[in-house]
Amino acid sequence: MGFFDFMTEDIAIDLGTANTLIIHNDKVVIDSPSIVARDRVSGKIIAVGKEASMMQGKTHENIKTIRPLKDGVIADFDASEKMISLFIKSIPALKKRMFTPALRMVVCIPSGITEVEMRAVKESCERVNGKEVYLIHEPMAAAIGIGIDIMQPKGNMIVDIGGGTTEIAVIALGGIVCDKSVKIAGDVFTNDIVYYMRTQHNLFVGETTAEKIKIQIGAAIEDLETPPEDMSVQGRDLLTGKPKQVEVSYREIAKALDKSIQRIEDAVMETLSQTPPELAADIYNTGIYLAGGGSMLRGLDKRISQKTDLPVYIAEDPLRAVVRGTGMALKNIVKFKSILIK
């Protein structure tokens, strides 16, 4: 085996709806939007990641931007495979190699995923030279990434709000006791903002702009202790057809996102109501952990805390919690054997 060991590289992948992150040698080497741009005429991929995301909403008919993942699962198999392959090829340490090394990979998947969707992820990875592919459920990876010792007989609740799905899970003894996966997450928030700007301001904004609004002034409650400044938003006036600019405050965004956040709250409440009593007792003491990009929405922790009467903690660097956990699982494959899906 020795010679092959030398030929094999280990990588951990968080294949997200919005962002794909890859860890190699304990470092995050890829952190890019999950998007590719394809030339319609030749069918070639002309850009991937950040480059392709800058093209989003600005293309002519010969270029199409594709987001290969929808709701946390692969929607466009061909594009996703090309995307993964391009990301792996752009890892600095692997660039130096003469030929693509065999890869040992751990990839995380949503917990509410079907058998078929799981196989799509696996096949995508095998086709980019993955010799051993392990899958790990996202809430599990998030828990490991946050630093929870998941093997203990103690209950912990994780809420991972990503781009396509929100994963809610209660974890104990290295397994998921009860979980819920809802398709309301960052993408839905962005669309809520587009819809709000259209209906309230008669302003048509693109997805990229709506995403910027969400990051800059997005909020989950209408009374923040340290509110962000109002933001000037440019778009197209629906009445006159002219470009125009309006000022938007965080309170408006909180209104726009209210319904979607309520549905996340409901899912959290439902998961809590299905939790066995002994674990519920643990959670009363440990509280709820938030991970994923959505957890950075201002005041969301406070809002969930008010709803559940539990302490709510946000993971440090929530965007990378899942990939960090996936990387740790990769390093200790033996220890985490029981939670990896072969």
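Along every chain, residues carry numbers that run from 1 in the direction the sequence is written. Only residues with pLDDT of 70 or above have their local features reported here, since the model is predicted, and side-chain atom pairs are shown and tallied only from 80 upward, although totals for entire chains, interfaces and linings are computed over all residues. To obtain the side-chain values, all non-hydrogen atoms of the structure were used and water was disregarded.

Draft legend 1. View of the UniProt feature "binding site: ATP" (unreviewed entry) in the chain. UniProt positions are given in the numbering used here, feature names are shortened, and annotations may be inferred rather than shown by experiment. Here, the residues flagged by UniProt with the feature "binding site: ATP" (unreviewed entry) are T17, A18, N19, G163, G164, T165, E211, K212, I213 and K214. Residues from the annotated list that form part of the lining of the largest pocket: T17, A18, N19, G163, G164, T165, E211, K212 and K214. Secondary structure is summarised from DSSP: a helix means a run of H or I of at least four residues, a strand means a run of E of at least two, and numbering begins at the N terminus for each. Tracing the chain through its elements places G164 in the loop between β11 (156-161) and β12 (166-172). Residue exposure (1.4 Å probe, protein chains only): buried if accessible area is under 20% of the type maximum, exposed if over 50%, otherwise partly exposed. Residue class for G164 comes out buried when judged on its relative accessible area of 4%. Not counting the four nearest positions on each side in its chain, G164 is found in contact with T17, D71, G72, V182, K183, I184, A185 and D187. Inspection of the secondary structure assignment puts K214 in helix α8 (residues 207-217). Dropping the residues within four chain positions of it, K214 is found in contact with G186, F189, T190, I193, L297 and R298. We place a 1 Å grid over just the protein atoms. Points where a 1.4 Å probe fits but has no way out form a cavity, open points with protein on both sides within 12 Å along at least 5 of 7 lines form a pocket, and any residue with an atom within 4 Å of a point lines it. Here, two residues are considered to be in contact whenever any of their heavy atoms come within 4.5 Å of each other.

Draft legend 2. The arrangement of helix α12 (residues 318-331) in detail. In this analysis, the expected span of each helix is defined as 1.5 Å times one less than the number of residues it contains. With 14 residues, α12 should cover 20 Å at 1.5 Å per step; its first-to-last C-alpha distance of 20 Å lies within 8% of that length. Among all positions of α12, only P318, A321, V322, V323, G325, T326, G327, A329 and L330 are buried.

Draft legend 3. Quick look at the layout of surface pockets. When its volume is computed, the largest pocket comes out at roughly 1400 Å³. Among the elements of the structure, β1 (8-15), β2 (19-24), β3 (27-33), α2 (50-55), β11, α7 (186-201), α8 and α12 are those that each provide at least two residues to the lining of the largest pocket. At seven residues, α8 tops the list of elements feeding residues into the lining of the largest pocket. Three categories are distinguished: nonpolar for Ala, Val, Leu, Ile, Met, Phe, Trp, Tyr, Cys and Pro, charged for Asp, Glu, Lys and Arg, and polar for the others, with Gly belonging to the last. Among the residues making up the lining of the largest pocket, the classes are represented as 16 nonpolar, 21 polar and 13 charged. Grid points are joined across faces, edges and corners, and a volume is the space filled by probe spheres set on the points. Taken as a whole, the second largest pocket spans an internal volume of roughly 320 Å³. What lines the second largest pocket is a set of 17 residues, among which R67, L69, K70, D187 and N191 lie closest to the centre. When contributions to the lining of the second largest pocket are tallied by element, the ones reaching two or more residues are β7 (69-70) and α7. If one sorts the elements of the lining of the second largest pocket by residue count, α7 sits on top with three residues. For the lining of the second largest pocket, the residue count by class is five nonpolar, five polar and seven charged.

Draft legend 4. Expanded view of the packing of aromatic side chains. Only Phe, Tyr and Trp rings are paired, with Trp represented by its six-membered ring, and only when their centres lie within 6.5 Å; those with planes under 30 degrees apart are stacked, over 60 edge-to-face, the remainder tilted. Counting across every chain of the model gives one aromatic pair. With centroids separated by 5.7 Å and ring planes inclined at 35°, the aromatic side chains of Y289 and Y313 adopt a geometry described as tilted. Highlighted residues: Y289 in strand β17 (residues 288-291) and Y313 in strand β18 (residues 312-314), separated in sequence by 24 residues. On the basis of relative accessibility, which here comes to 38%, the residue Y313 falls in the partly exposed class. In this structure, R198 packs its charged tip against the face of F204, placed 5.3 Å from the ring centre. Any Lys NZ or Arg CZ found within 6 Å of a ring centre and within 35 degrees of that ring's normal is scored as a charge over the ring. Positioned over the ring face of Y134 is K342, at 4.8 Å from the centre of the ring.

Draft legend 5. Geometry of the packing of helix α3 (residues 77-89) against helix α5 (residues 115-126). Contact geometry for α3 and α5: axes closest at 9 Å, N-to-C directions at 45°. Classed by the angle they form, the pair α3 and α5 counts as oblique. Pair α3 / α5 crosses with right-handed handedness. Note on element contacts: α5 touches α3 through A120, E123 and S124, opposite F77, S80, E81 and I84. Grouping the constituent residues of the contact of α3 with α5 by class yields three nonpolar, two polar and two charged. Every angle, taken between N-to-C directions, lies between 0 and 180 degrees, and every axis is a line fitted to C-alpha atoms, over only the stretch in contact when it is a helix. Under this scheme an angle from 65 to 115 degrees is roughly perpendicular, one under 35 degrees roughly parallel, and one over 145 degrees roughly antiparallel; angles in between are oblique. Left-handed describes a crossing in which the near helix is turned anticlockwise from the far one by less than a right angle; the clockwise case is right-handed.

Draft legend 6. Inspection of the sheet that holds strand β15 (residues 231-237) at higher detail. At least two bridges found by DSSP between two strands is the condition for calling them paired. Judged by pairing direction, the sheet is antiparallel, and its three strands sit side by side in the order β14-β15-β16 without closing on themselves. Two strands close off the open sheet at either side, each with one partner strand: β14 (203-204) and β16 (243-248). Summarising the sheet, β15 and β16 pair through six bridges and their orientation is antiparallel. Looking across to β16, one finds that R236 is bridged to P243. Strand contacts of α7: β14, β15 and β16, with the helix running at about 100° to β16, the strand carrying the most contacts. Each of β15 and β16 touches α8; the most contacted strand, β15, lies at about 160° to it.

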